[in-house]
Amino acid sequence: MSEATPLVLDVRNVAKTYAGGIEAVRGVSLSVTRGKLLALAGTSGCGKTSLLKMINRLEETSGGSIVFGGQDIAALDPVVLRRRIGWVMQGDGLFPHLSVRQNVGLIPRLSGQDGARIELRVREMLDLVRLDPREFGDRMPGELSGGQRQRVGFARALAGEPELVLMDEPFSALDPITRDGLQQDFKSLQADLGFAAVMVTHDMAEALIMADEVAVMRAGQIVQQGTPHTLMTAPADDYVSGLLETPRRQMQAIAELAR
C-alpha cells in the first residue's frame, strides 16, 4: 500500500450470527483507503447495515476482525471508537432538543475541548456544508428543511475530524434536486478533507455515481467488488446484472431523449 493512500479500514473475514442461528454476515473481507468511498449495495436483508454497524461496534462481530487506523477495534473502548468515526444516518438523526450549534459541537464537547475551540469548529463545519453559522447556529432541527437537517448531520459527523465516516442511506429521504446537490457537496468535502467513507445504499445508481468502489452483497456475502466501471462492464452474475438494470434503463431512456 502506498504511503499516499494509507489503509484506514481493514475488514477481515467478518461474520455476524443472530439468535436462532440467523447468519446476517458471512466471511466478509474488504478494505478502504484514505480519501476513498466504498458503497455497500444490495437488496434489503443482504447484511450491509449489519456490516456497517459492526465497524463502529453498534453490533459485535461473531467472527473475524476489523482493523481501524491500524488497531483491532475489539481492543478499543466502543465509546472512544465511535467518537473517532463519523456517523450519518437516514433522516439526519439530530437531537431535536439541541440547537444546530449544540448538535454540531457535540463530539468536540464530549472530547473535552474548550468553548472557544468548539465554537470555532462549529462555524468551520457549518461553513463547509454551506449553512451560514449566524443564520442557522441557534435554530432547532424542527425549524430546518430536510436538506438543511441532513447538512447539519454531515457537519456533526465531521466535527470530530474523523478518519472514517460511516453512512446508512444518508440521501434517501431527500427530494431529487436536494439529494443531487448534497451528494456533490459530500464528494467535494471528501476530496478536501481526505477522510475514508463507507456508505450503505439500496440505490445502485447512487452507488455507481458516488463510490470509488462498490461491494455488492447477497445473503451476507460479497458477490462482487470493484469499480463502477467494472460492475457495469463485467457483472459477476445475474444478481448483480439485475441490480444494474434500473440505472442502465434510465441511462438508455435519457440517451434516447437526447437524440
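Look above for the structure.
Residues numbered from 1 in each chain as written. Predicted model: local features only at pLDDT ≥ 70, side-chain atom pairs only at ≥ 80, totals over all residues. Heavy atoms only, no water.

Draft legend 1. Representation of the environment of Glu163. Position of Glu163 among the secondary structure elements: in the loop between helix 7 (146-158) and strand 7 (164-168). For Glu163, a relative accessible area of 39% corresponds to the partly exposed category. Between the alpha carbons of Glu163 and Arg34 there is a distance of 7.6 Å; along the sequence they are 129 residues apart. Apart from the residues lying within four places of it in its own chain, the contact partners of Glu163 are Val8, Phe68, Arg84, Phe195 and Ala196. (Helix = DSSP H or I, 4+ residues; strand = E, 2+ residues; numbered from the N terminus. Buried < 20%, exposed > 50% of the residue type's maximum accessible area, 1.4 Å probe, protein only. Contact = heavy atoms within 4.5 Å.)

Draft legend 2. Summary view of empty space enclosed by the protein. Under the criterion given, the structure shown has one cavity of 30 Å³ or more. Along its surface, the largest cavity is lined by Leu128, Val129, Arg151, Phe154, Leu182, Asp185, Phe186 and Leu189. When contributions to the lining of the largest cavity are tallied by element, the ones reaching two or more residues are helix 7 and helix 8 (176-193). By residue number, the principal contributor to the lining of the largest cavity is helix 8, which donates four residues. Of the residues in the lining of the largest cavity, the class split is six nonpolar, no polar and two charged. (1 Å grid on protein atoms, 1.4 Å probe; cavity = no way out; pocket = protein on both sides within 12 Å on 5 of 7 lines; lining within 4 Å. Points joined across faces, edges and corners; volume = space filled by probe spheres on them. Nonpolar A, V, L, I, M, F, W, Y, C, P; charged D, E, K, R; others polar.)

Draft legend 3. Highlighting the environment of Asn56. Turning to its location among the elements, Asn56 is positioned in the loop between helix 1 (48-55) and strand 4 (63-68). For the pair Asn56 and Pro78, spaced 22 residues apart in the sequence, the C-alpha separation amounts to 7.2 Å. Sequence-distant contacts of Asn56, that is, excluding residues within four places in its chain, are made with Leu81, Arg82, Ile85, Trp87 and Leu166.

Draft legend 4. Representation of the nonpolar core. One finds Leu37, Val104, Met167, Phe186, Met204 and Val214 to be the most contacted residues of the largest nonpolar core, which totals 43 residues. Residues Val11, Met54, Val198 and Met217 belong to the second largest nonpolar core, which totals 30 residues. (Core = buried A, V, L, I, M, F, W, Y, C linked by side-chain atoms within 4.5 Å.)

Draft legend 5. Broad picture of the pattern of salt bridges. Following the criterion strictly, the structure yields 16 salt bridges and no others. Notably, a salt bridge pairs Arg151 with Asp185, separated by 2.8 Å at the nearest N-O pair. Of the two residues, Arg151 is situated in helix 7 and Asp185 in helix 8; the sequence distance between them amounts to 34 residues. Assessed through its relative accessible area of 14%, Arg151 is described here as buried. Overall, the relative accessible area of 17% leaves Asp185 in the buried class. One salt bridge connects Arg179 with Glu206, and the closest N-O pair in it is separated by 3.0 Å. Of this pair, Arg179 sits in helix 8 while Glu206 sits in helix 9 (residues 204-210), and the two are 27 residues apart along the sequence. Classification of Glu206 by relative accessible area gives buried; the value is 3%. Taken together, the shared-partner salt bridges in this structure form one network comprising Arg101, Glu119, Arg123 and Asp138. (Salt bridge = Lys/Arg side-chain N within 4 Å of Asp/Glu carboxyl O.)

Draft legend 6. Up close: unusual backbone geometry. Even without being glycine, Asn13 reaches a positive phi, approximately 50 degrees. With respect to the element layout, Asn13 can be found in strand 1 (residues 7-18). Unusually for a residue other than glycine, Glu169 sits at a positive phi of about 50 degrees. By the secondary structure assignment, Glu169 is in the loop between strand 7 and helix 8.

Draft legend 7. The arrangement of the sheet that holds strand 5 (residues 71-72) in detail. Pairing is antiparallel across the open sheet formed by four strands, whose spatial order is 2-1-4-5. Looking at the sheet topology across the chains shown, the edges are occupied by strand 2 (22-33) and strand 5. Direction of pairing for strand 1 relative to strand 2: antiparallel, over a ladder of eight bridges. If you follow Leu7 over to strand 2, its bridge partner there is Thr33. Helix 1 rests against strand 1, strand 2 and strand 4 of the sheet, and its axis sits at about 120 degrees to strand 1. (Pairing = 2+ DSSP bridges. Axes fitted to C-alpha atoms, helices over the stretch in contact; angles between N-to-C directions.)

In short, shape yes, function no, at least from these values alone.
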